[in-house]
Amino acid sequence: MLAVVAGCTAPRVHDTPPPNYSIAGMWELNPALSSDEAKALASLQPKPRGRKDRQNGAGSAPGDKPAPEVINDPTTDLPPIDLSSGGRYAYPSRPSERDAYRPPLDFQNNALLGGQWLKIRQTDTEVSIVNAATSRSYTPGEHSVVSVPSGVADQDSGWSGRDYLIYLRPQIGPSVKETYTLSPDGRQLLVKIEVGSEGRNEAMKVTRVYDRSTRNPDSFRQTLEVTLPPTD
């Protein structure tokens, strides 16, 4: 069985991994080999101009949209934000509006939650991923519809060679792609998290490297704060 990840360049995903291949285990983050997530998030934030530039109007041109920090000002000519869609413009009417506003970073923050450790369970019909903040379960090769901050999203997950892929396509908001790959020696797990661009927020890519661990999750002194609904 396979599912097509539509609207992206990702390959088709299957319900079975390569023979004798498993990403299951207890994994501990290796910060030295992983991306600096604080810098990745900071790079998406608006960069305020200096006081002198603001007074002189430097860096702006006639007809420019308001700066991101005043995008919610009701005195602007931008369309009102639909709060039921996670603080996003549901349907900006002009390309200039889609490019002018800076959406919240809820998808980015959610994608990075609880990455200090992972506990992965893999069977023929299920892959479950638990970390310090979330617990998720997937049926490889299947498509589902799940809840996201802005409403609902199509979700596909499954195997593409040695990669386990999870791809989220919200009706409103950026796409989110996670890739889990075992190192050739089986001692490390490489996790790539990619969040698509949206408005003035550029695409974000974060790489995490995990070392195989024999520690009990309780020893990390982390607790499950959020339990996501089943995806099957």
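A.B. asks: Can you break down the overall build of the protein residue by residue, with the values?
C.D. replies: Check the secondary structure of the protein and you find four helices and 12 strands. Residue burial in the protein is summarised as follows: out of 232 residues, 43% are buried. Partitioning the intrachain contacts of the protein with sequence separation of at least 6 by distance along the chain shows that 53% fall at a separation of at least 24. With an accessible surface of roughly 12,900 Å², the protein has 50% of that area assigned to carbon and sulfur atoms.

A.B. asks: Which residues make up unusual backbone geometry, and what values do they have?
C.D. replies: Of note in the backbone geometry, asparagine 20 takes a positive phi value of approximately 55 degrees without being a glycine. You can see asparagine 20 is positioned in the loop between strand E2 (13-14) and strand E3 (25-29). We classify asparagine 20 as exposed; its relative accessible area is 87%.

A.B. asks: Got a sec to walk through the pairing of strand E8 (residues 151-160)? Specific residues and values, please.
C.D. replies: Most of E8 sits inside the fold, with seven of its 10 residues counted as buried. Once strand E7 (residues 143-148) ends, the chain turns through two residues before running back antiparallel as E8. Joining the antiparallel neighbours E8 and strand E9 (residues 163-170) is a turn of two residues, in which glycine 161 adopts a positive phi near 65 degrees.

A.B. asks: Just give me the short version of the nonpolar core, but keep the residues and values in it.
C.D. replies: Within soluble globular proteins, side chains that are nonpolar generally end up buried alongside one another. Counting residues in each nonpolar core, the largest one holds 32 residues, and the members touching the most others are Ile23, Leu118, Ile120, Tyr180 and Leu189. For this core, the element with the highest residue contribution is strand E11 (residues 188-195), accounting for four residues. With residues up to four places along the chain from it excluded, the contact list for leucine 189 reads Ile23, Trp27, Leu118, Ile120, Tyr180, Thr181, Leu182, Arg208, Val209 and Tyr210.

Thresholds, definitions, all that
- As a convention, each chain's residues are numbered from 1 in the sequence order in which they are written.
- Under the rules for a predicted model, residues below a pLDDT of 70 receive no local features and side-chain atom pairs below 80 are neither given nor counted, while totals for whole chains, interfaces and linings still include all residues.
- Note: side-chain values were computed over all heavy atoms of the structure, leaving out hydrogens and water.
- Segments assigned H or I by DSSP are reported as helices when at least four residues long, segments assigned E as strands when at least two residues long, and all are numbered from the N terminus.
- Burial status follows relative accessibility: with a 1.4 Å probe on protein chains alone, a residue under 20% of its type maximum counts as buried, one over 50% as exposed, and anything between as partly exposed.
- Working rule for contacts: check all heavy atoms of both residues, and any pair within 4.5 Å makes them a contact.
- Residue-level accessible areas treat just the shown protein chains as cover; the underlying method is Shrake-Rupley with a 1.4 Å probe.
- At least two bridges found by DSSP between two strands are what make those strands a pair.
- Buried Ala, Val, Leu, Ile, Met, Phe, Trp, Tyr and Cys residues that are joined via side-chain atoms within 4.5 Å together make up what is termed a nonpolar core.

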